[in-house]
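A look at the structure
Here are the chains, one letter per residue:
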Amino acid sequence: MLEKELSFADLSISLSELYEAMGYADAVPDEAVEKEVRGVLGRVEAVTSPRFCFFISGGELDESKDSLSVGDTCFSIGKIITRQLRGSESFAFFAATAGTGFERFQHTLQQEGDMVKVYIADAIGSVIAEKTADCMEIALDEYIRDRGWRHTNRFSPGYCGWHVSEQKKLFPLFPSAEPCGIRLTDSGLMLPIKSVSGVIGLGDGVRKLEYTCGLCTYDRCYRRKQRG
């Protein structure tokens, strides 16, 4: 398993990405909002240590059952993900997180009772988790390059017909019981909350799509809202 801790600067997060996450896709926030965002961002940068990890495994897709089997574990990934993973020779299972430092910061803001800052931090955390997963994909691309492989988009439990409860099947596959320090609740929720996990298809006959919102059924995603 490859695991890496990043600095906040490694994520290269822009203000425009944060504004999109906050719902400002079609407008520019005023100076007061920008000041609040910059203030929270400065505090976040001081406490955040994002991490990601991934490992590669064989697996078998069954298109008749819309499932992916890895050893004795069988995931019901649904038609959309099954179709997108078609042609994969192996699979990368990953986890990425904004980290426990960011989670503690969120709790601090909640105790301070400033709900504007709480909202801003929530949006920042979502972007951190996704950008950390983007960094993971870059590392994965370098890792598989010598094999002549490409990779698909990443797919996570809770999206595209893959039930979130299958996190409980996913996490035992990792060599570490708590990959990147992420643990699961009884309901399958990841803690820290600002974390992502899932699967990526690998092989010389797969491809990554530049635009995948049409595949997704999650209507609360800020990227979906931005793209309209």
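The chain is annotated in an unreviewed UniProt entry as AdoMet activation domain-containing protein from Phocaeicola vulgatus.

Close approach of charged atoms allows side chains with opposite charge to pair. Enumeration over the complete set of coordinates arrives at 15 salt bridges. Note that Arg154 and Asp134 form a salt bridge whose closest N and O atoms lie 3.0 Å from each other. Linking Arg154 in strand S7 (residues 150-155) with Asp134 in helix H5 (residues 115-144), this pair joins segments that are 20 residues apart in sequence. A residue is classified by how much of its surface remains accessible, and Asp134, at 27% relative accessible area, is partly exposed. For Lys169, the salt bridge identified is with Glu166, shortest N-O distance 3.0 Å. Using a relative accessible area of 33% as the deciding quantity, one classes Lys169 as partly exposed. When salt bridges with common partners are traced through the structure, they connect Glu130, Asp134, Glu137, Arg154 and Lys208 into a single cluster.

Under the criterion given, the structure shown has 8 aromatic pairs. For the pair Tyr19 and Tyr24, a centre-to-centre distance of 6.3 Å together with 70° between the ring planes defines the contact as edge-to-face. Measuring from centroid to centroid gives 5.5 Å for Phe55 and Phe93, while their planes differ by 25°, and the two rings are stacked. Placement of Phe55 in strand S2 (residues 51-57) and of Phe93 in strand S6 (residues 90-97) is noted, with a sequence separation of 38 residues between them. Phe93 carries the same exposure label as Phe55, and that label is buried.

Attention shifts here to the nonpolar core. Nonpolar side chains in soluble globular proteins tend to end up buried together. Counting residues in hydrophobic clusters, the biggest one holds 40 residues, and the most contacted among them are Val44, Phe52, Ile124, Ile128 and Leu140. Sorting the residues of this core by element identifies helix H1 (15-21), helix H2 (31-47), S2, S6, helix H4 (100-112), H5 and strand S10 (195-203) as the ones contributing at least two each. Looking at which element gives the most residues to this core, the answer is H5, with 14 residues. Aside from chain neighbours lying at most four places away, what touches Ile128 is Phe8, Leu11, Ile13, Val44, Thr48, Pro50, Ala98 and Phe102. Membership of the second largest hydrophobic core comes to 22 residues, among which are Val70, Ala95, Phe174 and Cys180.

On to H4, then. Here H4 is 13 residues long and its end C-alpha atoms lie 19 Å apart, about the 18 Å a rise of 1.5 Å per residue gives. Within H4, burial applies to Gly101, Phe102, Glu103, Phe105, Gln106 and Leu109. On the buried face of H4, the contacting elements are H2, H5 and strand S9 (190-191). Downstream of H4 by one or two residues, Gly113 has phi in the positive range, about 80°.

This part takes up the side chain of Ser67. Positionally, Ser67 belongs in strand S4 (residues 67-70). Once residues lying within four places of it in the same chain are set aside, the contact partners of Ser67 are Glu60, Leu61, Asp62, Cys74, Phe75, Ile77 and Thr82.

Now for the packing of H4 against H5. Close contact between H4 and H5 brings their axes to 9 Å; oriented N to C, the two are set at 165°. Comparing the axis directions of H4 and H5 gives the class roughly antiparallel. The handedness of the crossing between H4 and H5 is left-handed. Two secondary-structure elements touch here, H4 through Phe102, Phe105, Gln106, Leu109 and Gln110 and H5 through Lys117, Val118, Ala121, Asp122, Ile124, Gly125 and Ile128.

The next subject is the sheet that holds strand S3 (residues 60-62). Note on sheets: strands pair through backbone hydrogen bonds, and any given pair is parallel or antiparallel. The strand order across the open sheet formed by 3 strands is S3-S4-S5, and the pairing between neighbours is antiparallel. Looking at the sheet topology across the chains shown, the edges are occupied by S3 and strand S5 (73-76). Between one strand axis and the next, the sheet turns by 20° as a mean value, whatever way the strands run. As paired strands, S3 and S4 are joined by 3 bridges and run antiparallel to one another. Considered in S4, the bridge of Glu60 is made with Ser69.

Another aspect to go through is the pairing of S6. In terms of residue burial, S6 counts as a mostly covered element, since 8 of its 8 residues are buried. Side chains Ser90, Ala92, Phe94 and Ala96 project from S6 onto one buried face, and the interleaved Phe91, Phe93, Ala95 and Thr97 project onto a second face that is buried too. In terms of strand pairing, S2 meets S6 through 7 bridges, oriented antiparallel. Bridge pairing in S6 places Phe52 opposite Ala96.

The rules behind each value
- Residues numbered from 1 in each chain as written.
- Predicted model: local features only at pLDDT ≥ 70, side-chain atom pairs only at ≥ 80, totals over all residues.
- Heavy atoms only, no water.
- Salt bridge = Lys/Arg side-chain N within 4 Å of Asp/Glu carboxyl O.
- Helix = DSSP H or I, 4+ residues; strand = E, 2+ residues; numbered from the N terminus.
- Buried < 20%, exposed > 50% of the residue type's maximum accessible area, 1.4 Å probe, protein only.
- Phe/Tyr/Trp six-rings, centres within 6.5 Å; stacked < 30°, edge-to-face > 60°.
- Core = buried A, V, L, I, M, F, W, Y, C linked by side-chain atoms within 4.5 Å.
- Contact = heavy atoms within 4.5 Å.
- Expected span 1.5 Å × (residues − 1).
- Axes fitted to C-alpha atoms, helices over the stretch in contact; angles between N-to-C directions.
- Parallel < 35°, antiparallel > 145°, perpendicular 65-115°, else oblique.
- Left-handed = near helix turned anticlockwise from the far one by under 90°.
- Pairing = 2+ DSSP bridges.

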